[in-house]
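Fold and geometry: a report
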Amino acid sequence: MPIRLAPSSLYSTTSKCVASLLLRGCQTLDKRWVEPLEEEGQQLLSPVKSPARNAVLRPPDREEVYLQLSPGHRTVLDWLSNLPDRVVEDVVVDLLAKVEVQLLEDKDKKLIMTLINIDQMKINDFFFGVHSLLSLIQGFELQTLKFSKRLMFCLWEYGEITSSKLMVDTLCTSLPGLSSLTTLNIPHIATDRVVYTVSKHLPCLVSLDLSSSRVTDRGVRHLAGANSVTYVRQTEVRNINTLLDTPMEEETTEEYNHDGCQKLEHINLQSCEWVTERGLRFLLEHLLSLQRVEYHQRSSLLEIMIKWASCMTEAQRVKTVLNLTEVEHGFPYGLSPLTEHMTKLTLLIPNLTTITLVTEDKVVCLLAMFPKLTSITVELEDCLGEGFIQLLEQLGAQLEEISVSCNSDPEASLSLDQIEGPGGQQGQLFNLATVCVGQLARRVRKLSVSGCGLVSSGAVQKMELQDKIGNSSWIRRQADCWFKSLERLIMMSYEDNLPAMSIHSGLLKSVLMAAKNLSILNLEGNFGTIFIDSYFSEIVSYNPLSNLRILDICVNDQQGQVGRIPLTLSTVQLLLSKCDCLKELRISDWNVCSQQFAEVMMMVKENNWDLVVTRRVAVEGV
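Residues numbered from 1 in each chain as written. Predicted model: local features only at pLDDT ≥ 70, side-chain atom pairs only at ≥ 80, totals over all residues. Heavy atoms only, no water.

**Details of the overall build of the chain**
- Helices and strands together make up the secondary structure of the chain, namely 26 helices and 21 strands.
- Across the 622 residues in the chain, those meeting the buried criterion constitute 51%.
- Summarising the internal contacts of the chain: among those between residues at least 6 apart in sequence, 78% fall at separations of at least 24.
- Accessible surface for the chain amounts to roughly 29500 Å². Of this, 51% is attributable to carbon and sulfur atoms. (Helix = DSSP H or I, 4+ residues; strand = E, 2+ residues; numbered from the N terminus. Buried < 20%, exposed > 50% of the residue type's maximum accessible area, 1.4 Å probe, protein only. Contact = heavy atoms within 4.5 Å. Areas by Shrake-Rupley, 256 points an atom, 1.4 Å probe, with all protein chains shown as cover.)

The following block contains the structure:
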């Protein structure tokens, strides 16, 4: 039976209570805020012009911070200082979660009312306690400061309404006092000023999220510790003569003296429209500690590195070696990697372990050039074929995560090197992928197969697919030798007017019987005819699924319709009796009526199980 809900620990309960009190204090202090005079503001805030001219040489300690605070802030800080730094970090996490809940509650209505009453509101009505919080936590040795994307987007929206830059000012003032941070998430709100402050005062930073922000190449160069930054500055035009006589843009170079964030391993630059390929290349070239970069604008990260490697001399290729372990090449893209590209990339990123690639089957086999690869995600634009098989033959023994998707047009013609016979085959995607991975990648922990694409006849013949799935004895024997390490199985088929795409019932049964470590099972699409109570009961009798945490078998992830999956209340009860680790059970399309669902929910409540059972139904069955 599922594990019973455990009461919250005293530590967790106390942390949330302290967070509530601290939030009330911070919001009260924010309401008392008075806008400083211009001269005072220049002393307290990071400089509006070049930050290097007034840069603080060392982070302020807690005593210095204390002396700069108002009497009200000092009172709250005296109270907060009774807690160890590690506890303060947990309190800050709980506080930010509470602020997010407050801001998201009826957000649209609040924003509309703000616009209507904007003339009657003050700037500090939009601080929400965050500004005082940032002032108070300076000097504490916090390691993590994570603003969620939703919270930062809400703060950014209010900042746009009021045309206020005070959130940026507060970050620039507070971050120097948080020099122990290793993780910082400031999406939406980050600017080059903020990034300069980060690069100057947070030398221990390992992970940084700047996504969806206005950061430019200038900020990226700050992170890399550039001694000088050259950027294009717009010239201010005051009259028509200036407009005629002066260029609208001019190059400006600023000198700096700092090391940047040399320990940075992960940076998120997704949707940073002002970060160009040039800026990204500079970052990769100078921050050799980087292992993961999230970036895709006009070109993917892989495309940028292909162009870069193609322009290098032989001496530069030997000297330039990056520590990147993850790269992604998705839509949209303008360049498909070729053999010569992959050869150069193996020299540039030899430590690659994880890749996401949109390509054709013939390119997939080239991934075998990366000797440390353990996780692949490939989206095939033509078919699943011999290229995929060749990759598994060479690297299958070390691959732990395999995700393959194929959504080829069934009417599309395949090249001669992809097929042997009249053409590609429809309806075998899940069967071929499962047999290939099961036989050639014995250590796989995650298998994800999705789409409605073709498989090449050559691949079907090479794996002897028809003979194997037609031999029930062979399928049963495989349950004792494959997918022993499988923890996550995800299969999703998408089609409207195409023939039904599913998996051979005996093949799926063999996989589920073998996967004793399975923790997540998610099947979405035309699998309903396979799953009946007796089918599932046979699987559980052989493999009790004792590690299963999440089970989701449905037609699609929208609202369900009762009866599309023939599993009944009997299977629900079987799962509850056998699966001790079950945390989430989704039964939207199952043949379970409203009354039966209510009985299950009552059973969960009466037994105090740590289990979520969901049932979203659009049309109730008869």
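**Digging into helix α5 (residues 85–104)**
- With 20 residues, α5 should cover 28 Å at 1.5 Å per step; its first-to-last C-alpha distance of 29 Å lies within 8% of that length.
- Burial in α5 covers these residues: Val87, Val88, Glu89, Asp90, Val91, Val92, Asp94, Leu95, Leu96, Val99, Glu100 and Leu103.
- Those residues of α5 hidden inside the fold are in contact with α1 (10–31), α4 (71–80), α6 (107–116), α7 (130–136), β1 (144–146) and α8 (149–162).
- The first or second residue beyond α5 is Asp106, which carries a positive phi of 55 degrees. (Expected span 1.5 Å × (residues − 1).)

**What about the pairing of strand β17 (residues 550–554)?**
- With five of five residues buried, β17 is to be regarded as a mostly interior element.
- Side chains of β17 alternate between two faces, with Ile550, Asp552 and Cys554 and Leu551 and Ile553 buried alike.
- Handedness of the strand β16 (residues 520–524)-helix α24 (residues 533–542)-β17 crossover: right-handed.
- Here β17 pairs with strand β19 (residues 584–586) via three bridges, running parallel. By the bridge assignment for β19, Leu551 is matched with Leu585. (Right-handed = clockwise from strand over helix to strand, strands pointing away. Pairing = 2+ DSSP bridges.)

**Re the side chain of Ser211**
- The residue Ser211 is located in the loop between β3 (207–209) and α11 (217–223) in this model.
- Overall, the relative accessible area of 3% leaves Ser211 in the buried class.
- Looking at Ser211, its side chain comes within polar contact range of the side chain of Lys149, at 2.7 Å.
- When residues no more than four places from it in sequence are discounted, the contact partners of Ser211 are Lys149, Pro187, His188, Asn268, Gln270 and Cys272. (Polar contact = N/O pair within 3.5 Å; in protein donor to acceptor, adjacent residues only side chain to side chain.)

**Quick notes on the side chain of Ser174**
- Within the element layout of this structure, Ser174 appears in helix α9 (residues 166–174).
- If we ignore the near neighbours within four places in the chain, the residues touching Ser174 are Leu134, Ser135 and Gln138.

**Re the pattern of salt bridges**
- Using the criterion set out here, one finds 21 salt bridges in the structure.
- Across the salt bridge formed by Glu294 and Arg292, the nearest N and O atoms sit 3.5 Å from each other.
- Between Arg445 and Glu487 there is a salt bridge whose closest N-O contact spans 3.7 Å. In this pair, Arg445 is assigned in the loop between α19 (429–440) and β13 (446–451) and Glu487 in the loop between α22 (472–478) and β15 (488–492), connecting sequence segments 42 residues apart.
- Using a relative accessible area of 25% as the deciding quantity, one classes Arg445 as partly exposed.
- Glu487 gets classed as partly exposed once you look at its relative accessible area, which sits at 30%.
- The network of salt bridges with common partners includes Glu400, Glu401, Arg443, Arg445, Glu487 and Arg488. (Salt bridge = Lys/Arg side-chain N within 4 Å of Asp/Glu carboxyl O.)

**Some thoughts on the packing of aromatic side chains**
- Summed over the entire model, instances satisfying the criterion amount to seven aromatic pairs.
- Geometrically, the ring pair formed by Trp33 and Phe127 is edge-to-face, given 5.1 Å between the ring centres and 65 degrees between the ring planes. Within this pair, whereas Trp33 is found in the loop between α1 and α2 (38–44), its partner Phe127 is found in the loop between α6 and α7, the two being separated by 94 residues in sequence.
- A relative accessible area of 27% means that Trp33 is categorised as partly exposed.
- For the ring pair Trp474 and Trp482, a centre distance of 5.8 Å and an interplane angle of 85 degrees mean the geometry is edge-to-face.
- On the accessibility criterion, Trp474 (11% relative accessible area) is buried. (Phe/Tyr/Trp six-rings, centres within 6.5 Å; stacked < 30°, edge-to-face > 60°.)

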